[in-house]
Amino acid sequence: MNRQLTPKEKRTIRFAAAGIVLYLALFYGPTVTSYLSARREAYDNLVLQAKALRDVIKPYEEKVQTATNLMDRFHMDPAKLQRSTVMAEASAAIQKAAASEKVAVGPIRETPGRPSAREAGSIQFEGSGPIASVMALLHQMDHIGYPVIIDTVQFSSDPRMPNGIKVNLTIVVLDFDAWKPKEDKSHA
């Protein structure tokens, strides 16, 4: 059974193989071609959707990066801020910052803010300590985790200690809800 094929048998097998390939190409070729073109079209549609989604997301990437940068820089998480407690929490954070810088805390007064000025309230802070400690406290104010602005600063000497100063600060706590953009309902 292991005999050699004759040249005529080899030629017949070649013609038969070519015929089978031609048969398969003629009858199944359009089906395979349509299947592959449908797959290619689905892939192209998916690529177009991905590009469209990237174009929609692209403007927000810069805003997210800016917001993340501000949150990291000011140690503030706007999702945790609550309007009802922001004044008390900001006051406590200021007192904690003063204590960490070894500034003696004096009287603290909180006053309600002006809605027209977009502020939740203001805090009048009095403290005293060495010059370096007071300056470190002023530098640390933008890192307390609350939207505050130092409105006024008044220094005076403290006769009770050498190189000591008294500081009176008026700190405005911003109303973060007022800074959110209002929805325009005129198109409804």
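For the structure itself, consult the block above.
Just so we're clear, the structure is a prediction, and the values are computed from it rather than from any experiment.

Asker: Can you walk me through the pattern of salt bridges in this structure?
Answerer: As a working rule, side chains carrying opposite charge can pair if their charged atoms are close by. Per the counting criterion, the structure on display carries four salt bridges. The partner of Arg3 in a salt bridge is Glu9, with the nearest N and O atoms 3.0 Å apart. The exposure class assigned to Arg3 is exposed, which follows from its relative accessible area of 56%. Notably, a salt bridge pairs Asp158 with Arg160, separated by 3.1 Å at the nearest N-O pair. Take Asp158: its relative accessible area is 3%, and that puts it in the buried class.

Asker: Explain a nonpolar patch on the surface here, please?
Answerer: A contiguous nonpolar surface patch, about 1100 Å² in accessible area, is contributed by Ile20, Leu22, Tyr23, Leu24, Leu26, Phe27, Tyr28, Val32, Tyr35 and Leu36. Structurally, the position occupied by Leu36 is in helix α1 (residues 7-74).

Asker: Help me understand the environment of Val173 in this model?
Answerer: With respect to the secondary-structure elements, Val173 resides in strand β4 (residues 164-174). Put simply, Val173 and Val86 are 87 residues apart on the chain and 8.1 Å apart in space, counted from C-alpha to C-alpha. Contact partners of Val173, with chain neighbours within four places excluded, come to Val86, Met87, Ala90, Glu119, Ala120, Gly121, Ile123, Pro147 and Val148.

Asker: I'm lost on the sheet that holds strand β2 (residues 119-130) in this one. Help?
Answerer: Adjacent strands of a sheet form backbone hydrogen bonds with each other and so pair up, either parallel or antiparallel. With antiparallel pairing, the four strands of this open sheet are ordered in space as β1-β2-β4-β3. The open sheet terminates on both sides in strands that have one partner only, identified here as β1 (104-112) and β3 (148-157). In this sheet, neighbouring strand axes are inclined to one another by 15 degrees on average, regardless of whether the strands run parallel or antiparallel. Where β1 and β2 come together, seven bridges link them in antiparallel fashion. Note that in β2 the partner of Arg109 across the bridge is Gln124. Set on the sheet, helix α3 (residues 131-140) makes contact with β2, β3 and β4; between it and β2 the angle comes to about 160 degrees.

Thresholds, definitions, all that
Residues numbered from 1 in each chain as written. Predicted model: local features only at pLDDT ≥ 70, side-chain atom pairs only at ≥ 80, totals over all residues. Heavy atoms only, no water. Salt bridge = Lys/Arg side-chain N within 4 Å of Asp/Glu carboxyl O. Buried < 20%, exposed > 50% of the residue type's maximum accessible area, 1.4 Å probe, protein only. Patch = residues over 30% accessible without salt bridge, like charges linked within 9 Å, V, L, I, M, F, W, Y side chains within 5 Å. Areas by Shrake-Rupley, 256 points an atom, 1.4 Å probe, with all protein chains shown as cover. Helix = DSSP H or I, 4+ residues; strand = E, 2+ residues; numbered from the N terminus. Contact = heavy atoms within 4.5 Å. Pairing = 2+ DSSP bridges. Axes fitted to C-alpha atoms, helices over the stretch in contact; angles between N-to-C directions.

The analysis is restricted to geometry; functional conclusions fall outside its scope.
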